[in-house]
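Each chain, letter by letter, is given below.
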Amino acid sequence: MTTESLAGKTAHGRLIVVGSGIAGLYSALLAAEAGAEVVLLTKGALADSNTYYAQGGISAVLEEPAPGDTVAAHIADTLRAGAGHCNEEAVRVLCIEARRDIAGLGRFGVRFDLDDDGDPALGLEAAHSAPRILHAGGDATGAGVASALIRTVLDFQAQGRIQVIGHAQVTDLIHQAGQVAGVNFLHEGRGQSLRGDAVLLATGGAGQLFAQTTNPSVATADGLALAWRAGAALADLEFFQFHPTCMVPGGAPQEADGDAHPLLISEAVRGEGAILLDANGYRFMPDYHSDAELAPRDVVSRSIALHLDTLGDPNGHVFLDATVIEESRGAGFLEKRFPTLSRHTRQAGLDWTRDLVPVAPAAHYWMGGVVTDLHGRTSVPGLLAAGEVACTGVQGANRLASNSLLEGLVFGRRAVEGFLGSSGESSDGAPLRADSAAGGLAFTHAAGTPAGDNRSGTLNETAAPAGASGFSRQALRRLMTAKAGVLRSGELLAEAAEVLGEWEEAAGPLSVPESLDVRVHEDANLLLAAQLLVRAARERRESLGAHYRSDSVKAPAAVDDFDKRYTMSRKVSLVHD
């Protein structure tokens, strides 16, 4: 199929894009193509993003889909995985427009894997009812897509169509006349400012909140913190997805140490037939869900955690058995289908054609984020968001496998359309619908703090040294993993909130740190994100999707819409009454 660019749109002004994952790269290219002045800032190199490490692929129902597959089926699968918490309108947009942006990637040099007949090779992944997953380079889809987009961005830079500023840590948003008008950032050891007509946050997630994560070291909740401090509404922060099969080096869980990147064993491996076994060689997943290893991610992660708990080894691991794939598909299949995983498992001293791979759940993807409408507009004029940092409502309470890269594409493009003024934006720049899914209780920041301590002091005090009162990034990760990870309870969450409140006195996450040290800013952002996540998890007392509470209570019959989205921003106290 063909796809049009946005070049026919009238473009005026400067768009500042913060982040270089799929949403940031793709939207920057589209905006530049349309004639806008584009400045792309990334906190590391262009390849430092969650996108680059993505293995599973991109889901899409193409014009010539797999037999029996339909857009309606993709919509149904997404809604089912989202546990009834999705914004159905956003899901329809995602699935209907998917093929348009897959074609758009082709224009920017992305080439997807083909089958023996020269047609797109479509894979099957957990919770999808039909093969519809596109891959680039087998199990290195993220790297393949990101590399192609980065090459095109660099071409645009050479042509003077995009300005790229690397190793730039955005510290806060500039406000003027009631809207966002630029960013302040750290670059080459000093503070700098950049003005623009709009800012698009595409900063990714916050896996560094937890001791074990599939995310790279740059995933420190920067965009979420920027938006919240600017007064933007947030939602669904209790829903954090843990990937069930992250390889455990040496058979012992390892705490993330910044630059280390744990090996995620893609959902596609289980889609091809791999099974999970415990230390006794017992295949336990059929005991927990009828779809066994192909159940949604939150179910598989929780089942692993619960099973390990019943075995008396809550901090242990289970085993992924991929030898059954090699036996059924023939010698050499794993090497051909999963070349990157084959190489990395060998580097870890395993031959997964014969050996079991030790795995455990790891923090992977945050369904919640900055609330946007269907064109990326937040509740703050001039501020857009797309990708993992945003919350369109499309992911619901649990993201369907391989829908995340697709969301970055579809809603990254739509954010650019919003910026270009082609989406029906109101004349005053207000978002069409800031509550993009269900309405919910306003949960904002300006009149209080998320610590739960009713202080009435200024929100702009200078941050104290982050090492005080026992706070450290490692301590934060351990706390969040133990108290707000795969398995939660009101008691555990209350304990987490108490410690986080004590740490707030030390790290001062509510305001922008007066420091030229990037890590100080990251620590403040992570602590703020942790407080917000725990607050949302305490508010939702019933288990739903990726949010599992062992003390889950059913909503009283007199309460309508208990599953209503719980939103928060900086305007109302976060103190739990």
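Report follows, based on the coordinates. Since the model is a prediction, treat every value here as computed from it, not as a measurement. (Residues numbered from 1 in each chain as written. Predicted model: local features only at pLDDT ≥ 70, side-chain atom pairs only at ≥ 80, totals over all residues. Heavy atoms only, no water.)

## Things to note about the overall build of the protein chain
Within the protein chain one finds 15 helices and 19 strands. The buried share of the protein chain, taken over its 577 residues, is 60%. The contacts of the protein chain with a sequence gap of at least 6 include a subset with a gap of at least 24, amounting to 75%. With an accessible surface of roughly 20800 Å², the protein chain has 49% of that area assigned to carbon and sulfur atoms. (Helix = DSSP H or I, 4+ residues; strand = E, 2+ residues; numbered from the N terminus. Buried < 20%, exposed > 50% of the residue type's maximum accessible area, 1.4 Å probe, protein only. Contact = heavy atoms within 4.5 Å. Areas by Shrake-Rupley, 256 points an atom, 1.4 Å probe, with all protein chains shown as cover.)

## Observations concerning the sheet that holds strand E15 (residues 357-366)
Strands sit in the order E12-E15-E14-E13 across an open sheet of four strands; the sheet is antiparallel. Strands with a single pairing partner mark the edges of an open sheet, and in this sheet they are strand E12 (240-247) and strand E13 (275-277). Averaged over all adjacent pairs, the angle separating strand axes in this sheet is 45 degrees, with direction ignored. Summarising the sheet, E12 and E15 pair through six bridges and their orientation is antiparallel. Within the sheet, the bridge partner assigned to Met247 lies in E15 and is Val359. Lying on the sheet, helix H8 (residues 297-310) is in contact with E12, E13, strand E14 (318-321) and E15; it crosses E12 at an angle near 65 degrees. (Pairing = 2+ DSSP bridges. Axes fitted to C-alpha atoms, helices over the stretch in contact; angles between N-to-C directions.)

## Brief notes about the pairing of strand E1 (residues 14-18)
With four of five residues buried, E1 lies mostly within the body of the structure. A crossover links E1 with its parallel partner strand E2 (residues 37-41), the connecting element being helix H1 (residues 22-33), and its sense is right-handed. (Right-handed = clockwise from strand over helix to strand, strands pointing away.)

## Considering the pattern of salt bridges
With the rule as written, the count across this model stands at 25 salt bridges. With a closest N to O distance of 2.6 Å, Arg107 and Glu33 form a salt bridge. Highlighted residues: Arg107 in helix H4 (residues 88-107) and Glu33 in helix H1, separated in sequence by 74 residues. Relative accessible area serves as the criterion here: at 32%, Arg107 is assigned to the partly exposed category. Judged by its relative accessible area of 18%, Glu33 is buried. Here Glu539 and Arg535 are joined by a salt bridge, their closest N and O atoms 3.1 Å apart. Note that Glu539 and Arg535 are positioned in helix H15 (residues 518-539) at a spacing of four residues, about one turn of the helix. Accessibility expressed as a relative area gives 26% for Glu539, which makes it partly exposed. In this structure, a network of salt bridges that share partners links the residues Glu97, Arg100, Asp101, Arg413, Arg414 and Glu417. (Salt bridge = Lys/Arg side-chain N within 4 Å of Asp/Glu carboxyl O.)

## Notes on the environment of Leu409
For Leu409, the position within the fold is in helix H12 (residues 404-420). In the structure, Leu409 is positioned 383 residues away from Tyr26 in sequence and 6.7 Å away in space, judged by C-alpha atoms. The contact partners of Leu409, leaving out residues within four places of it in the chain, are Ile22, Tyr26, Ile58, Asp101, Ile102 and Leu105.

## Observations concerning the side chain of Thr152
By the secondary structure assignment, Thr152 is in helix H5 (residues 141-158). Within the local environment of Thr152, its side chain forms a polar contact with the backbone oxygen of Phe108, the two atoms lying 2.9 Å apart. What Thr152 contacts, discounting residues up to four positions off in sequence, is Leu29 and Phe108. (Polar contact = N/O pair within 3.5 Å; in protein donor to acceptor, adjacent residues only side chain to side chain.)

## Structural notes on helix H11 (residues 339-347)
Inspection of H11 places Thr340, Leu341, Ser342 and Thr345 among the buried residues, and these make up the whole buried set. Packing partners of the buried residues in H11 comprise E12, helix H7 (267-271) and helix H10 (333-337). Gly349 occupies a position one or two residues after H11 and carries a positive phi of about 85 degrees.

## Considering the nonpolar core
In terms of nonpolar packing, the biggest core is built from 63 residues, with Leu41, Val183, Leu209 and Leu476 touching the most fellow members. Element by element, the count of residues in this core is highest for H15, at ten residues. Ignoring sequence-local partners within four residues, the contact set of Val183 consists of Ile16, Val18, Leu41, Val170, Asp172, Leu173, Ile174, Gln192, Ser193, Leu194 and Val199. Formed by 61 residues, the second largest nonpolar core is a distinct cluster that contains Ala60, Phe108, Ile150 and Val416. (Core = buried A, V, L, I, M, F, W, Y, C linked by side-chain atoms within 4.5 Å.)

## Thoughts on a negative patch on the surface
Taken together, the side chains of Glu63, Glu64, Asp115, Asp116, Asp117 and Asp119 make up a negatively charged region of the molecular surface. Tracing the chain through its elements places Glu64 in the loop between strand E3 (58-59) and helix H3 (71-81). (Patch = residues over 30% accessible without salt bridge, like charges linked within 9 Å, V, L, I, M, F, W, Y side chains within 5 Å. Lys, Arg positive; Asp, Glu negative; His and termini not counted. Charge placed at Lys NZ, Arg CZ, Asp CG, Glu CD.)

## Some thoughts on the packing of aromatic side chains
One pass over the structure, following the stated rule, counts nine aromatic pairs. On the basis of an interplanar angle of 50 degrees and a centroid distance of 6.0 Å, the ring pair of Phe240 and Phe242 is categorised as tilted. Look at Phe242 and you get buried, because its relative accessible area is 8%. Residues Phe284 and Tyr288 carry aromatic rings whose centres are separated by 6.3 Å and whose planes lie at 85 degrees to one another, so their mutual orientation is edge-to-face. Accessibility expressed as a relative area gives 30% for Tyr288, which makes it partly exposed. Here a set of aromatic residues connected by ring pairs shows up, and it is made of Phe210, Phe240, Phe242 and Trp366. The residue whose ring lies beneath Arg399 is Tyr365, and the NZ or CZ to ring-centre distance is 4.5 Å. (Phe/Tyr/Trp six-rings, centres within 6.5 Å; stacked < 30°, edge-to-face > 60°. Lys NZ or Arg CZ within 6 Å of the ring centre and 35° of its normal.)

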